[in-house]
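Geometric and topological summary
Take a look at the letters that make up each chain.
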Amino acid sequence: LESNYILARKTETLEEEKRGTRATVQLNQEYMGLLRNELKTLLESRRQPRDANSEAQAANPNNRPRLLQLFNNVNDFYQVLTKELIIHNRVFNLRHLIQNLVTQYIDPAQARNILLDSSLSSTLPMRMSGDVERFSQVVNILLGVIINQSEGCQILLEAEFTRDHEQEGELHITLTRQTDRK
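Presented here is a report on the structure given in the accompanying data block. For every chain, the first residue of its written sequence is number 1, and the numbers climb from 1 along that sequence. The predicted nature of this model means local features are confined to residues of pLDDT at least 70 and side-chain atom pairs, given and counted, to a pLDDT of 80 or more, with totals for whole chains, interfaces and linings taken over all residues. Calculated side-chain values reflect all of the structure's heavy atoms, with hydrogen atoms and water omitted.

1. Concerning the pairing of strand S5 (residues 168-178)
Note on pairing: DSSP must find at least two bridges between two strands before they are called paired. Put simply, DSSP marks the helices as runs of H or I at least four residues long and the strands as runs of E at least two long, and each gets a number from the N terminus on. For strand S4 (residues 154-165) and S5, the ladder comprises eleven bridges, and the chain directions are antiparallel. Note on S5: the bridge partner recorded for Ile155 is Arg177. In this structure, the hairpin formed by S4 and S5 is closed by a connection of two residues.

2. Looking at the sheet that holds S4
Spatially, S2-S4-S5 is the arrangement adopted by the three strands of the open sheet, whose pairing is mixed. The open sheet is flanked by strand S2 (115-120) and S5, the only strands paired with a single partner. Going from strand to strand, the sheet's axes swing by 15 degrees on average, the running direction of each strand aside. Across the sheet, helix H6 (residues 132-148) touches S2, S4 and S5, and the angle it forms with S5 is around 15 degrees. Every axis corresponds to a line fitted to the C-alpha atoms, with the helix fit spanning only the stretch in contact, and the corresponding angles, defined between N-to-C directions, vary from 0 to 180 degrees. Any two residues having at least one pair of non-hydrogen atoms within 4.5 Å are treated as being in contact.

3. Digging into the side chain of Asp131
Mapping Asp131 onto the fold places it in the loop between strand S3 (127-130) and H6. Arg134 provides the closest opposite charge to the buried, salt-bridge-free Asp131, at an N-O distance of 4.2 Å. Among the polar contacts made by the side chain of Asp131, one reaches the main-chain amide nitrogen of Glu133 at a distance of 3.2 Å. Within the local environment of Asp131, its side chain forms a polar contact with the backbone nitrogen of Arg134, the two atoms lying 3.2 Å apart. A simple rule labels every residue: compare its accessible area, found with a 1.4 Å probe on the protein chains alone, to the largest value its type can have, and call it buried under 20%, exposed over 50%, or partly exposed in between. Only four residue types enter the tally: Lys and Arg on the positive side, Asp and Glu on the negative side, with His and both chain ends excluded. Each salt bridge in this description consists of a side-chain nitrogen of Lys or Arg and a carboxyl oxygen of Asp or Glu lying within 4 Å of one another. The definition of a polar contact used here is a pair of N or O atoms within 3.5 Å, where within protein one atom must be able to donate a hydrogen and the other to accept one, and adjacent residues in sequence count solely through side-chain atom pairs.

4. Examining the nonpolar core
Take the buried residues of types Ala, Val, Leu, Ile, Met, Phe, Trp, Tyr and Cys, join any two whose side-chain atoms come within 4.5 Å, and each joined set is a nonpolar core. The biggest cluster of nonpolar side chains holds 24 residues, and the ones touching the most others in it are Ile98, Leu116 and Ile147. If one sorts the elements of this core by residue count, H6 sits on top with six residues. Here Ile98 is in contact with Leu120, Leu124, Phe135, Leu157, Ala159 and Ile173, once residues within four sequence places are set aside. Formed by five residues, the second largest nonpolar core is a distinct cluster that contains Tyr31, Leu35, Leu42 and Phe77.

5. Some words on the pattern of salt bridges
In the structure shown here, the tally under the stated rule is three salt bridges. Two residues, Arg9 and Glu12, come together in a salt bridge whose shortest N-O distance is 3.5 Å. Of this pair, Arg9 and Glu12 both sit in helix H1 (residues 2-47), three residues apart, roughly one helical turn. Among the ionic pairs, Arg90 bridges to Glu133, the shortest N-O distance being 4.0 Å.

6. Notes on helix H4 (residues 94-104)
Since the α-helix packs 3.6 residues into each turn, any two residues three or four apart lie on the same face. Listed in full, the buried residues belonging to H4 are Leu94, Arg95, Leu97, Ile98, Leu101 and Val102. All buried residues of H4 lie within an arc of 165 degrees about the axis, which places them on one face of the element. Exposed residues on H4 whose side chains face more than 90 degrees from its buried face are Thr103 and Gln104. At the N-terminal boundary of H4, the capping side chain belongs to Asn93, with an oxygen 3.3 Å from the backbone nitrogen of Arg95. Picture the helix axis, draw a direction to every C-beta atom, and the arc is the one those directions span.

7. What to know about the packing of aromatic side chains
Two aromatic rings, drawn from Phe, Tyr or Trp (for Trp, its six-membered ring), form a pair once their centres lie within 6.5 Å of each other, and the interplanar angle then sorts them: stacked below 30 degrees, edge-to-face above 60, tilted otherwise. Per the stated rule, a full pass over the model turns up one aromatic pair. Ring centres of Phe92 and Phe135 lie 6.3 Å apart, and the angle between their planes is 35 degrees; on these two criteria the pair is classed as tilted. Here Phe92, found in strand S1 (residues 90-93), pairs with Phe135, found in helix H6; they are 43 residues apart in sequence, far enough to count as distant. On the basis of relative accessibility, which here comes to 8%, the residue Phe92 falls in the buried class. For Phe135, a relative accessible area of 15% gives the class buried.

Below, the structure is given as structure tokens:
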């Protein structure tokens, strides 16, 4: 009976590792695809024939943050893969943060004829402990990518919390794009 229990636990552990490995591979593939497209866009914009206007645009400091953001994203991803990413834990108002992040993207979404909305589950805690900067960075990237790749649709950010224990659980953020807007 004890050996069956040990075998069952070992099987569960192996299944969890297998799911983790699959998720990591999928994340790597998706991120590298996005990185490739972003770098390709930057390289193509640099290869175009230069005139006085394009040289001024290349020297424009507003173009530098995009490269810096790209570098920071690649650097963060590398730190995640090498398990060197430092997480700064603190308590923050999760509901307020999500609503503020979505609000920041209302104007860019409307410029692309996108209706952006959010739905916060009743199970979502008011306060949460975690790295607010990293969480914001992830949500900003997700919102930026889906808005840039969409036009004339509705995008819904859904946030749900599944409680595992009294003070622990899983936060699920889902972005849904509905193209058939009526």
